[in-house]
Amino acid sequence: MAYKFEGSDTSGTFGWYFQRVTGLVLFIQVLVHFYISHNTWDSGHDWATIIARLSNPYMRTFYLVFVALALYHGLNGLWSVIRDYHMKPGMRKAIFAVIMVVGIFIGVLGFITMLTLPNIQ
Amino acid sequence: MRYVKHYGTWGYILHRLTGLALIGYILIHIYLVSGLHNKPGWQSEMQIFRNPILMVLEWCLFSIVVFHALNGIRIFIIDYFNGARYHKQLLTAVLVFSIILFAGMGAIMFF
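For clarity, every value in this text was computed on a predicted model and none was experimentally measured. (Residues numbered from 1 in each chain as written. Chains lettered and ligands numbered in written order. Predicted model: local features only at pLDDT ≥ 70, side-chain atom pairs only at ≥ 80, totals over all residues.)

A.B. asks: Quick question: what am I supposed to make of the overall build of chain B here?
C.D. replies: Looking only at helices and strands, chain B features 4 helices and 0 strands. Seen in sequence order, chain B has helices and strands lined up from the N terminus as α-α-α-α. Whereas a compact globule of 111 residues would reach a radius of gyration of roughly 13 Å, chain B reaches 17 Å, over 25% beyond that. Classification of the 111 residues of chain B by burial places 15% in the buried group. The long-range share in chain B, meaning contacts at least 24 apart out of those at least 6 apart in sequence, stands at 69%. (Helix = DSSP H or I, 4+ residues; strand = E, 2+ residues; numbered from the N terminus. Rg over C-alpha atoms; globule rule 2.2 N^0.38 Å. Buried ≥ 20, exposed ≤ 12 C-beta atoms within 10 Å, placed from the backbone. Contact = placed C-beta atoms within 7 Å.)

This is the structure:
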């Protein structure tokens, strides 16, 4: 591929490695997520059922981790697909900035959702 | 960019395409779930998911997740367990398991 990568030999290694680590964790999390939240129609769509489930602090912690890892893994994957295409440096920075802004916005939104939902004991 | 379309490359191409679909879905999904703060709005919104067309789309989403997850395991095997020697057989296994799980989920959802 004809583009110059501004970085040392090892830059990017962490991203490569962490993509595999997060992938493995997400594999387990997505199984749990499907099992608990789409077992019945109500478990995935009924407000009271969802709120009752999310009143459990362990469940909320699970979803905070899930949101963070899924966004990291997904946006890092998106960025590595985009990086395969030749871009001008300005374009490269602009796309990276858009990905970061979208990721932070949706990540904060997800965290706020999880942390401020009503608790039903 | 052009991709060489050998059998094993399809794993690479499909992993990318399903990954792109999934990040798009996740962004929308997290945004929509923030609607839990509005109980009446949430309840009327969720009635949409009784529509069979959306159920079929959810079924397709499941198949995308399953393929991406299983192929992710395949990538893990290739990277850490010398799977490059048998990555084509692994891709066949991934596809076979994906189709079995897709059919199984269809049976659970629609029968």
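Further notes follow.
A.B. asks: How should the overall build of chain A be read in this particular structure?
C.D. replies: Assigned secondary structure in chain A consists of 5 helices and 0 strands. Put simply, chain A runs from its N terminus to its C terminus through helices and strands in the order α-α-α-α-α. A total of 121 residues make up chain A; the buried ones form 14% of that total. At a minimum sequence separation of 6, the contacts of chain A that also span at least 24 residues come to 76%.

A.B. asks: What am I meant to see in the environment of Asn 39 of chain A here?
C.D. replies: Residue and element names in this part refer to chain A. Its place among the elements puts Asn 39 in the loop between α1 (13-37) and α2 (41-45). Taking the number of C-beta atoms within 10 Å as the measure of exposure, Asn 39 has 10 and is therefore exposed. Distance from Asn 39 to Ile 112, taken between C-alpha atoms, is 25 Å for residues 73 residues apart in sequence.

A.B. asks: Teacher, can you tell me more about the interface of chain B and chain A here?
C.D. replies: On the chain A side, the residues contacting the 24 residues of chain B number 24 residues. At the level of secondary structure, the elements contributing two or more residues to the side of chain B that touches chain A comprise α1 (7-33), α2 (39-46) and α3 (52-80) of chain B.

A.B. asks: I tried to follow the nonpolar core on my own but got confused; where do I start?
C.D. replies: Across soluble globular proteins, nonpolar side chains show a tendency to be buried alongside one another. Counting 21 residues, the largest nonpolar core has Val 67, Ala 70 and Leu 71 of chain A together with Ile 23 of chain B as its most contacted members. At the level of elements, α4 (57-83) and α5 (89-116) of chain A together with α1, α3 and α4 (87-110) of chain B are the ones that each hand at least two residues to this core. With 7 residues, the single largest contributor to this core is α4 of chain A. (Core = buried A, V, L, I, M, F, W, Y, C linked by C-beta atoms within 7 Å.)

A.B. asks: Any chance you could explain the confidence of the model for chain B here in plain terms?
C.D. replies: Low-pLDDT portions of the prediction should not be read for the details of their coordinates. All names here are of chain B. Looking at chain B as a whole, the pLDDT averages 86, with 98% of positions reaching at least 70. Here α2 stands out as the element of chain B with the lowest mean pLDDT, 84, in contrast to α1, whose mean of 90 is the highest. Two numbers describe this predicted complex: its pTM, 0.85, and its ipTM, 0.84. (pLDDT = per-residue confidence, 0-100.)

A.B. asks: I'm lost on the packing of α3 of chain B against α4 of chain B in this one. Help?
C.D. replies: Two quantities define a packed helix pair, namely the angle between the axes and the distance from one axis to the other. All names here are of chain B. Where α3 contacts α4, the two axes come as close as 9 Å, and the packing angle between them is 155°. The orientation of α3 relative to α4 falls into the category roughly antiparallel. Seen along the crossing, α3 lies across α4 with a hand that is right-handed. Packed against α3, whose contacting residues are Met 55, Trp 59, Phe 62, Ser 63, Val 66, Phe 67, Leu 70, Asn 71, Arg 74, Ile 77 and Ile 78, the element α4 presents His 87, Leu 90, Leu 91, Val 94, Phe 97, Ser 98, Leu 101, Phe 102, Met 105, Gly 106 and Met 109 at the interface. For the contact of α3 with α4, the residue count by class is 16 nonpolar, 5 polar and 1 charged. (Axes fitted to C-alpha atoms, helices over the stretch in contact; angles between N-to-C directions. Parallel < 35°, antiparallel > 145°, perpendicular 65-115°, else oblique. Left-handed = near helix turned anticlockwise from the far one by under 90°. Nonpolar A, V, L, I, M, F, W, Y, C, P; charged D, E, K, R; others polar.)

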